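Observations on the three-dimensional arrangement
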Amino acid sequence: TIDTERECQCEAAAFYAAYVLGLPCFAFRPNALESAVMVVESTKKNSLLDPILSSVGIQKVLVWLLAPVAMESAKHPQLVMSDPRESSGLLERLEDKASLLKGEDMFWMNGEEEEKADILKWAYAEADLLIRDNRRVIDEISKQLASGAATVGDCVAVIEGW
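Everything in this summary refers to the structure shown in the same document. Quick caveat: nothing in here was measured; it's all calculated off a predicted structure. (Residues numbered from 1 in each chain as written. Predicted model: local features only at pLDDT ≥ 70, side-chain atom pairs only at ≥ 80, totals over all residues. Heavy atoms only, no water.)

The calculated volume of the largest pocket comes to roughly 190 Å³. Of all the secondary-structure elements, those providing two or more residues to the lining of the largest pocket are α1 (4–21) and α3 (55–75). For the lining of the largest pocket, the residue count by class is seven nonpolar, two polar and five charged. (1 Å grid on protein atoms, 1.4 Å probe; cavity = no way out; pocket = protein on both sides within 12 Å on 5 of 7 lines; lining within 4 Å. Points joined across faces, edges and corners; volume = space filled by probe spheres on them. Helix = DSSP H or I, 4+ residues; strand = E, 2+ residues; numbered from the N terminus. Nonpolar A, V, L, I, M, F, W, Y, C, P; charged D, E, K, R; others polar.)

Turning next to the pattern of salt bridges. Following the criterion strictly, the structure yields eight salt bridges and no others. For the salt bridge of Asp139 with Lys75, the shortest nitrogen-to-oxygen distance reads 3.3 Å. Of this pair, Asp139 sits in helix α6 (residues 135–147) while Lys75 sits in helix α3, placing them 64 residues apart in sequence. The exposure class assigned to Asp139 is partly exposed, which follows from its relative accessible area of 21%. In this structure, a network of salt bridges that share partners links the residues Glu7, Glu11 and Arg29. (Salt bridge = Lys/Arg side-chain N within 4 Å of Asp/Glu carboxyl O. Buried < 20%, exposed > 50% of the residue type's maximum accessible area, 1.4 Å probe, protein only.)

Together, Glu112, Glu114, Glu115 and Asp118 make up a negatively charged patch on the protein surface. A relative accessible area of 36% means that Glu115 is categorised as partly exposed. (Patch = residues over 30% accessible without salt bridge, like charges linked within 9 Å, V, L, I, M, F, W, Y side chains within 5 Å. Areas by Shrake-Rupley, 256 points an atom, 1.4 Å probe, with all protein chains shown as cover. Lys, Arg positive; Asp, Glu negative; His and termini not counted. Charge placed at Lys NZ, Arg CZ, Asp CG, Glu CD.)

Let us look at the packing of aromatic side chains. Each aromatic ring pair is characterised by the separation of its centres together with the angle its planes make. Taken as a whole and judged by the stated rule, the model has one aromatic pair. Centre to centre, the rings of Phe15 and Tyr19 are 6.4 Å apart; their planes meet at 10 degrees, and the pair counts as stacked. Here Tyr19 and Phe15 lie together in helix α1, a separation of four residues that amounts to about one turn. For Tyr19, a relative accessible area of 24% translates into the label partly exposed. (Phe/Tyr/Trp six-rings, centres within 6.5 Å; stacked < 30°, edge-to-face > 60°.)

Here is the structure:
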């Protein structure tokens, strides 16, 4: 059976994180593949996106990927709807495309495996703080999504207080 409330909580957390972090994608269910495509596409010369392949940009994407995990972890003892492996999956996918990207922008590859783990822990902590500090707004977005009639505009209206 599908736990609609839990699913909507994770989706609301992902949407909120993407919106407030200024990411060009507001996917309700972020994943490593979609994130890697967004990062790579932002590096192309004719892209309308601001480049995301930077330390700040990658950190924002990692926080976005971990926002559903933070939300679900805060409310439930076991993860069902979210997957913390998506964040490490993003870094691995970008590493696989390293020949197409500028190496200096892939800062996590310069250190040890431990450094990559520290970056992921930091991103989770930031996602957790973002979710906890904005729980009221995220809960309202979750209610809107659970109603089945919410649009992206409705979710933005909740965030902006319209």
